[in-house]
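Listed below, chain by chain, are the residues.
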There are 2 protein chains.
Amino acid sequence: MKGEIISVGTELLLGQICNTDAQFISQESAEIGIDIYFHTAVGDNRYRLLDVLKIASERSDLIITTGGLGPTEDDLTKETIAQFLNLPMVEYEQAKSRVIEHFHSREMPSSNKKQWLFPEGSKLIPNRNGTASGCIIERDSKIFIVLPGPPNELQPMFKETVEPYLLSKKDKSGVIKSRVLKIFGLSESKTEEMIKDLIERQTNPTIAPLVGKGEVTLRITAKASDNNEALEMIEETEKMIRDRIGEYIYGIDNDTLPLAVGTMLINKNITISIAESCTGGNITNLLTDVSGISRSLILSEVTYSIDAKIKELGICPDVIEQFGAVSHETAMAMAKGIRKKAMSDIGLSVTGIAGPDSVEDKPVGLFYIGISSLYGDKTYEFNSKGNRLWIKNFASLAALNELRKYLIKYM
Amino acid sequence: MKGEIISVGTELLLGQICNTDAQFISQESAEIGIDIYFHTAVGDNRYRLLDVLKIASERSDLIITTGGLGPTEDDLTKETIAQFLNLPMVEYEQAKSRVIEHFHSREMPSSNKKQWLFPEGSKLIPNRNGTASGCIIERDSKIFIVLPGPPNELQPMFKETVEPYLLSKKDKSGVIKSRVLKIFGLSESKTEEMIKDLIERQTNPTIAPLVGKGEVTLRITAKASDNNEALEMIEETEKMIRDRIGEYIYGIDNDTLPLAVGTMLINKNITISIAESCTGGNITNLLTDVSGISRSLILSEVTYSIDAKIKELGICPDVIEQFGAVSHETAMAMAKGIRKKAMSDIGLSVTGIAGPDSVEDKPVGLFYIGISSLYGDKTYEFNSKGNRLWIKNFASLAALNELRKYLIKYM
């Protein structure tokens, strides 16, 4: 079944709201194996909506609309679909009692009467959270599903009524499942290069790379007759990918680097302290997004100035004098210094140049990461491009990723 | 000029990301008086994209595409537009040097070469934050604007290159200008309530409240025959609003609370140190987004544990014992402690409960802010609702806002 979503509402075209309804319906549809091929957003305008309905019904079997079911004049989705399908609008008792019940003691504006009119032959979709019932219309082997715009109304309606309906309708050819592999430390093009033959050879599951904020993701999508088969296919493909670039994969689906690292620290009962310079508190900020991290995180300091590095972390001034504040040596001294002071298992540090100005004749984007523990002291050098915010973010993720690899290797 | 947006990417149709690009472009277009009539999302599929381009070019003068400019095989937007317009793809030196510069010492995957190929006759749109340059193509009185998908790349490209271009192209029947007032410390409904009569009375300029992440904004939009007239109209309306709620307005347009506070600190030559607890480094992280803040920020510590509060900030254990770690008294002691240690002009502190678990029988969302300087010691109590990330963010902004008001009042 080829599906598409038409979202009706001028507020979408003015950018006043984001089209989260289309995202939600797409996610849910993918879960139950319905392919969505297009999203369209159109304003509260009868003629443009008619045009869009015509285009959609020529290319799709399933058309899901959102929005335009309210009581006001610019709510015209149902009426326009009725016009398009050449169906009269008729009263539905069930919808009428829902609206009247909603207003019970209060006076009902007469405009609300349109909320119990639907194209003849509709099946109603009950709405627990509002007065706008939805409807399903089957006509000439096309299915129209008509839903209200507010997400708190649409979402339960979709899950409770539309999904079971679609499952009963769709050809029994199977489900679509996908898994996202989260990668740090490889560019999108490098990732693709390293698994190019897999991407090209595979048609089911498919493998699609996507670039995020300093990260890359790979989406594996399998079509199969049931969930178990799809999962097996995904796992087989995932294994082939991991054999090539496993060391760069830090998690799947909704995992984030801070969550991956934070969870390891908490589960392994490891305490940590952090000394940040160019990342300006961002590493600690990311790590403290993880619930329960207070059990692991003893202390974090942002020692921006050379003075603070010397005074707070006990770094020997000679080290900074000789090698510079942005160096392997200073990164190491910072990691050791904060660890000693906090008496934590691990000390993590970053020192570098976020820009816009360079420091010590060293380039913007250069940074060093230090990790110190009983299991060994390590430093890492990175060069990154981008503006101040990009470098701060990238250096923070790089530090968390080196820590992740360190924890796996040594602890 | 009739415009529409085509977003290319299978990830949109699977619901893996929300179409924030379409929202952003719609907002910005409305600001400069360009009407957007349709949004379409389509997958990484040449034939479906060709169909969508055909439909769009029949009904619109301006077609803005997002996504599909990466180096990988499923990135096919430029190639498909070239095919649609029957134009050859040619090399652009400027784009080539951008890509090569990006990879400088590292090896460039050969697939990146496609990032310097564009339909013949394109004007390039430079991309500061990535290797995917965009382009503008004028053909048969239609304009095609081709942008990459990642918001951090697309947004500056749109503001810096596309907006001036569109302004130069659009009909000269007048201008639309707007200014956004940034508000902290008032809810959207409270803001609306306090200026309800202004909102209702005004038709030009219009006043539109919008809720953001812990903040509220008011957009004033004026239509006038020229920029000066529009500006005068905006300023008159702004004055009326400021007379009512001026103390809550911390800036305009692209101002942020960290930028407003950071700029004040730098310009007034005031040094600061910060002791964070429940905000986990986020205040310092936000403040270090401001270039040049290293002149003001001496030291910041995240003292999550009670031990660290006592050892690092020299807080008397009796204070914590008697009043709790989340209290006016501890917030004050933290602010004084960090200020004394760093010998800075100001000490700023936050202590509170970000959740999910409550502490000391105090509720999640309770937090205290402390500010200490020669000009006086102050503490502030807040109660907020929301999850851990929301509370961290809100408490960080609240601390910056109290500091902003303190700086205005006392320093």
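Keep in mind that what you see is a predicted model, and the values were worked out from it rather than measured. (Residues numbered from 1 in each chain as written. Chains lettered and ligands numbered in written order. Predicted model: local features only at pLDDT ≥ 70, side-chain atom pairs only at ≥ 80, totals over all residues. Heavy atoms only, no water.)

Some points on the packing of aromatic side chains
Residues and elements named next belong to chain B. To be explicit about the condition: For Phe, Tyr and Trp, rings pair up if their centres lie within 6.5 Å, where Trp contributes its six-membered ring, and each pair is then called stacked (planes under 30 degrees apart), edge-to-face (over 60) or tilted (otherwise). Secondary structure elements are taken from DSSP: a helix is a run of H or I of four residues or more, a strand is a run of E of two residues or more, and numbering for both begins at the N terminus. Relative accessible area decides the class of each residue, using a 1.4 Å probe on protein chains only: under 20% of the type maximum gives buried, over 50% gives exposed, and in between gives partly exposed.
What the rule picks out here adds up to 17 aromatic pairs over all chains. Plain terms: the ring middles of Phe-367 and Phe-382 are 5.1 Å apart, the flat faces sit at 0° to each other, and that makes the pair stacked. Here Phe-367, found in strand β16 (residues 366-373), pairs with Phe-382, found in strand β17 (residues 376-383); they are 15 residues apart in sequence, far enough to count as distant. Across this residue pair, the class does not change: Phe-367 and Phe-382 are buried. Aromatic side chains Phe-382 and Phe-394 sit 6.4 Å apart centroid to centroid with 75° between the ring planes, which places their arrangement in the edge-to-face category. Within this pair, whereas Phe-382 is found in strand β17, its partner Phe-394 is found in helix α15 (residues 388-410), the two being separated by 12 residues in sequence. The pair formed by Phe-382 and Phe-394 is uniform in burial state, with each residue classed as buried. Here the aromatic residues Phe-184, Phe-367, Phe-382, Trp-390 and Phe-394 are joined through ring pairs into a cluster of three or more.

Some points on the interface of chain B and chain A
Spelled out, the test is: In this description, contact between two residues means that some pair of their heavy atoms is separated by no more than 4.5 Å. When two components associate, each loses some accessible surface as probed by a 1.4 Å sphere; the sum of these losses over both components is called the buried area. Salt bridges are defined by distance alone: a side-chain nitrogen of Lys or Arg within 4 Å of a carboxyl oxygen of Asp or Glu.
On the side of chain A, 72 residues touch chain B, which itself brings 76 residues to the contact. The contact between chain B and chain A buries some 5700 Å² in all, and 53% of this surface belongs to carbon and sulfur atoms. Remark: the boundary between chain B and chain A carries 5 salt bridges. For Glu-312 of chain B, the salt bridge identified is with Lys-341 of chain A, shortest N-O distance 3.0 Å.

Quick word on the sheet that holds strand β8 (residues 142-147) of chain A
In plain terms, the rule: A pair of strands is treated as paired once DSSP finds two or more bridges between them. The angle between two axes is taken between their N-to-C directions and runs from 0 to 180 degrees, where each axis is a line fitted to C-alpha atoms and a helix contributes only its stretch in contact.
Strands sit in the order β6(A)-β7(A)-β8(A)-β3(A)-β1(A)-β2(A)-β2(B)-β1(B)-β3(B)-β8(B)-β7(B)-β6(B) across an open sheet of 12 strands; the sheet is mixed. Here the strands that pair on one side only, and so sit at the sheet edges, are β6 (123-125) of chain A together with β6 (123-125) of chain B. Strand-to-strand twist across the sheet, computed as the mean angle between neighbouring axes with direction ignored, equals 15°.

Details of the pattern of salt bridges
This structure, assessed with the given rule, holds 51 salt bridges over all chains. Here Glu-28 of chain A ties to Lys-159 of chain A by a salt bridge, and the two come within 3.5 Å at their closest N and O atoms. Here Glu-28 of chain A is found in helix α2 (residues 20-31), whereas its partner Lys-159 of chain A is found in helix α6 (residues 151-169), with 131 residues between them in sequence. Taking relative accessible area as the criterion, Lys-159 of chain A reaches 47% and is therefore assigned partly exposed. Salt-bridge contacts for Glu-79 of chain A lead to Lys-114 of chain A; the nearest nitrogen and oxygen are separated by 3.3 Å. Taken as a pair, Glu-79 of chain A in helix α4 (residues 77-85) and Lys-114 of chain A in the loop between α5 (93-103) and β5 (117-119) lie far apart in primary sequence, 35 residues in all. One salt-bridge network, in which partners are shared between bridges, spans Glu-301, Glu-312 and Lys-341 of chain A together with Glu-301, Glu-312 and Lys-341 of chain B.

Digging into the pairing of strand β2 (residues 35-42) of chain B
Burial runs high along β2 of chain B: 7 of the 8 residues are buried. Where strand β2 (residues 35-42) of chain A meets β2 of chain B, 5 bridges bridge the pair, whose relative direction is antiparallel. Looking across to β2 of chain B, one finds that Val-42 of chain A is bridged to Phe-38 of chain B. In this structure, strand β1 (residues 2-8) of chain B lies alongside β2 of chain B, joined through 7 bridges in parallel fashion. Looking across to β2 of chain B, one finds that Glu-4 of chain B is bridged to Phe-38 of chain B.

Re the UniProt feature "domain: MoaB/Mog" (unreviewed entry) in chain A
Convention followed: UniProt positions are given in the numbering used here, feature names are shortened, and annotations may be inferred rather than shown by experiment.
What UniProt calls "domain: MoaB/Mog" (unreviewed entry) maps, in this numbering, to residues 4-169 of chain A. Counting secondary structure, residues 4-169 of chain A comes out at 42% helix and 23% strand; the distance between its end C-alpha atoms is 16 Å.

Observations concerning α5 of chain A
What sets the pattern is the α-helix's 3.6 residues per turn: residues three or four places apart point alike. Residue and element names in this part refer to chain A. The condition that has to hold: Summarising the geometry, the arc corresponds to the directions from the helix axis toward the C-beta atoms.
Along α5, the residues that are buried comprise Ala-95, Arg-98, Val-99 and Phe-103. Each buried residue of α5 lies within a common arc of 125° when the element is viewed along its axis, so the set occupies one face. Seen from the buried face of α5, the exposed residues on the opposite side, beyond 90 degrees, are Glu-93 and Glu-101. Those residues of α5 hidden inside the fold are in contact with β5 and β6.

Here's the deal with a negative patch on the surface
All names here are of chain A. To be explicit about the condition: Residues forming no salt bridge and having over 30% relative accessible area are the ones grouped into patches, like charges within 9 Å of each other and nonpolar side chains (Val, Leu, Ile, Met, Phe, Trp, Tyr) within 5 Å. Here the accessible surface of atoms and residues is derived via Shrake-Rupley with a 1.4 Å probe, and residues count as covered only by protein chains that are part of the display. Positive: Lys, Arg. Negative: Asp, Glu. His and the chain ends are not part of the count. Note on charges: their place is set at NZ of Lys, CZ of Arg, CG of Asp or CD of Glu.
Taken together, Asp-226, Glu-229, Glu-232 and Glu-236 make up a surface patch of like negative charges. Within the secondary structure, Glu-229 is located in helix α9 (residues 227-245). Look at Glu-229 and you get partly exposed, because its relative accessible area is 34%.

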